[in-house]
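Listed below are the residues making up each chain.
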Amino acid sequence: MRYEGPIYRPPSEADSLLIQATLGCPHNKCSFCMVYKKGPRFNVRPVSEICEDIDEAFELYGAKVRSIFFPAGNTIAMPTEDLAAICLHSKMKFPALQRITVYGSSQYIVQKGLPDMRLLREAGLSRIHVGLESGDDTILKRVKKERD
Ligand code: SF4
């Protein structure tokens, strides 16, 4: 498996297989967040590479994998068909898989829209960790988390 840049995961993903699907964060402006300030820039890894990493993980961990987390920041922003493809490949590969999770800010979830979110759910995406810093527009502007 290949990893680039900081790899952060929530505590609840401690036992998850981590397969990097994206690099960096497409927003990368929040005043309180230093995770990707020094890079790498947001980038989506090719589906073929991600699937190679999934296949390699299968050789190593096989039937033990029950949960997968796809870093990095805001992986929900990757193209829907790519995210759906790696979810489907994961489901096909790991027979005991129960959960697939990504990070996703509300603005990128809204951009996807309901049909794409439904498609991702059907492909196996079961959880999105959302950083809810505030629902107040003034505060979101102050911490530079307003919509791009
Ligand atoms: S959206 Fe998340 S990862 Fe990106 S800069 Fe803000 S807090 Fe950091």
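Okay, so let's go over this structure. (Residues numbered from 1 in each chain as written. Predicted model: local features only at pLDDT ≥ 70, side-chain atom pairs only at ≥ 80, totals over all residues. Heavy atoms only, no water.)

**Let's talk about the pairing of strand E4 (residues 67-70)**
Inference 1: Residues Ser67 and Phe69 of E4 are buried on one face, and the alternating residues Ile68 and Phe70, pointing to the opposite face, are buried as well.
Inference 2: Here 2 bridges tie strand E1 (residues 17-18) to E4, and the two strands are oriented parallel to one another. Its bridge partner being in E4, Leu17 is matched across the sheet by Ile68.
Inference 3: Pairing of E4 with strand E5 (residues 99-103), which is carried by 4 bridges, proceeds in the parallel orientation. (Buried < 20%, exposed > 50% of the residue type's maximum accessible area, 1.4 Å probe, protein only. Helix = DSSP H or I, 4+ residues; strand = E, 2+ residues; numbered from the N terminus. Pairing = 2+ DSSP bridges.)

**Focus on the nonpolar core**
Most often, soluble globular proteins have nonpolar side chains that are buried together.
Inference 1: The biggest cluster of nonpolar side chains holds 25 residues, and the ones touching the most others in it are Phe70, Ile76, Leu83, Ile86, Phe94 and Leu125.
Inference 2: Taken together, the elements giving at least two residues each to this core come down to helix H1 (47-61), E4, helix H2 (80-93), E5 and helix H3 (106-123). (Core = buried A, V, L, I, M, F, W, Y, C linked by side-chain atoms within 4.5 Å.)

**Digging into the side chain of Lys145**
Inference 1: Inspection of the secondary structure puts Lys145 in the segment after helix H4 (137-142).
Inference 2: Reaching out from Lys145, the side chain makes a polar contact with the backbone oxygen of Gly131 at a distance of 3.4 Å.
Inference 3: Each residue touching Lys145, except ones within four places of it in the same chain, is listed here: His27, Cys30, Phe32, Ser105, Gly131, Glu133 and Leu140. (Polar contact = N/O pair within 3.5 Å; in protein donor to acceptor, adjacent residues only side chain to side chain. Contact = heavy atoms within 4.5 Å.)

**Side note on the packing of aromatic side chains**
Inference 1: All chains considered together, the criterion is met by 2 aromatic pairs.
Inference 2: Their ring planes at 65° and their centres at 5.8 Å tell us that Phe58 and Phe94 sit as a pair that is edge-to-face. Note that Phe58 is positioned in helix H1 and Phe94 in the loop between H2 and E5, a separation of 36 residues in sequence.
Inference 3: With a centroid separation of 5.2 Å and an interplanar angle of 90°, the aromatic rings of Phe69 and Tyr103 are classed as edge-to-face. Residue Phe69 is found in strand E4, and its partner Tyr103 is found in strand E5; the two are separated by 34 residues along the sequence. (Phe/Tyr/Trp six-rings, centres within 6.5 Å; stacked < 30°, edge-to-face > 60°.)

**Regarding the pattern of salt bridges**
Inference 1: Evaluation of the coordinates by the stated rule reveals 9 salt bridges.
Inference 2: Note that Arg2 and Glu52 form a salt bridge whose closest N and O atoms lie 3.1 Å from each other. Remark: Glu52 occurs in helix H1 and Arg2 occurs in the segment before E1; sequence separation between them is 50 residues.
Inference 3: Note on Arg2: relative accessible area 37%, which makes it partly exposed.
Inference 4: Relative accessible area serves as the criterion here: at 44%, Glu52 is assigned to the partly exposed category.
Inference 5: As a salt-bridge pair, Asp148 and Lys29 come within 3.0 Å of each other at their nearest N and O atoms. In this pair, Asp148 is assigned in the segment after H4 and Lys29 in the loop between strand E2 (22-23) and strand E3 (43-44), connecting sequence segments 119 residues apart.
Inference 6: Taking the relative accessible area as the measure of exposure, Asp148 reaches 47% and is therefore partly exposed.
Inference 7: Judged by its relative accessible area of 43%, Lys29 is partly exposed.
Inference 8: When salt bridges with common partners are traced through the structure, they connect Arg2, Arg45, Glu49, Glu52 and Asp53 into a single cluster. (Salt bridge = Lys/Arg side-chain N within 4 Å of Asp/Glu carboxyl O.)

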